[in-house]
Amino acid sequence: MTPYDLILCPRGLRFAGRLFPCTIGRGGISARKQEGDGATPTGAHRIVGMIFRPDRIARPTDWAVPIRPGDLWSDDPQAENYNHMVRAPYAHSHEKLRRADPLYDLVILTDWNWPYAVPGRGSAIFIHRWRRPGYPTEGCIGLDPQHLAWIAPRITYQTRLIVR
């Protein structure tokens, strides 16, 4: 572990000497993550990117990429672009990244099952804002939006999300 790591603990997400309350997947923590199980996968997941809504928030780091209208995330295990960002129109199952609600206004991307996705192993383990305290995600890590905004400019490409 390095001082750059985000470490999921029973009481929250530890980073930079602080502990942040967070939510995890409705399926709990799993060493056998599968598409649709709602679980947060165990492991040391590298941070591989950050995306944000430029019409709603300022760029959190110089390496954050704006979410554009038509940006999607493929969650179809049968699709060639499974577990990758794609553009509309897209014929396969996907999730919109530019949402009406603020859930994905700022998203930290991990390397879970990426870039060489194994079909059915699960897609898109993000770090994003929570819906509300205690409300589970679909497998991602959810944070208070103010805490997420504090963390985002302090992470680097050496940062990992560690889930035990």
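Quick summary incoming for the structure in this document.

Conventions we followed
What you see as residue numbers is a count from 1 along each chain, following the sequence as written. Restriction of local features to residues with pLDDT of at least 70 applies here, the model being predicted, together with a cutoff of 80 or more for giving and counting side-chain atom pairs; totals for whole chains, interfaces and linings are based on all residues. Note: side-chain values were computed over all heavy atoms of the structure, leaving out hydrogens and water. Under the DSSP-based scheme used, a helix requires at least four consecutive residues in state H or I and a strand at least two consecutive residues in state E, with every element numbered from the N terminus. Only protein chains enter the area calculation, which uses a 1.4 Å probe; residues under 20% of their type maximum are buried, those over 50% are exposed, and those in between are partly exposed. Between the rings of Phe, Tyr and Trp (Trp by its six-membered ring), a pair exists once the centres lie within 6.5 Å; its type follows the angle of the planes, with under 30 degrees stacked, over 60 edge-to-face, and the other angles tilted. By the criterion adopted, a ring carries a charge over it if an Arg CZ or a Lys NZ lies within 6 Å of its centre and within 35 degrees of its normal.

### Remarks on unusual backbone geometry
- The omega torsion of the bond from A88 to P89 falls at 0°, within 30 degrees of zero and hence cis.
- By the element assignment, P89 lies in the loop between β10 (85–87) and β11 (94–96).
- Along the chain, W114 connects to P115 via a cis peptide bond; the corresponding omega equals 5°.
- Relative to the elements of secondary structure, P115 occurs in the loop between β12 (106–110) and β13 (126–129).
- Of note, the phi angle at A16 is positive, near 50°, even though the residue is not glycine.
- Residue placement: A16 occurs in the loop between β2 (12–15) and β3 (18–20).
- Despite not being glycine, N113 has its phi angle at roughly 50°, a positive value.
- Of note, N113 is situated in the loop between β12 and β13.
- The class for N113 is buried, based on a relative accessible area of 5%.

### Side note on the packing of aromatic side chains
- Taken as a whole, this structure holds 5 aromatic pairs when the rule is applied.
- The interplanar angle of 80° and the centroid separation of 6.4 Å between the aromatic rings of F15 and W150 together place this pair among those described as edge-to-face. With F15 in strand β2 and W150 in helix α1 (residues 145–151), this residue pair connects regions lying 135 residues apart in the sequence.
- Relative accessible area serves as the criterion here: at 3%, F15 is assigned to the buried category.
- By way of ring pairs, the aromatic residues F15, F20 and W150 are connected into one cluster.
- The lysine or arginine in question, R18, covers the ring of W150, its NZ or CZ lying 4.3 Å from the ring centre.

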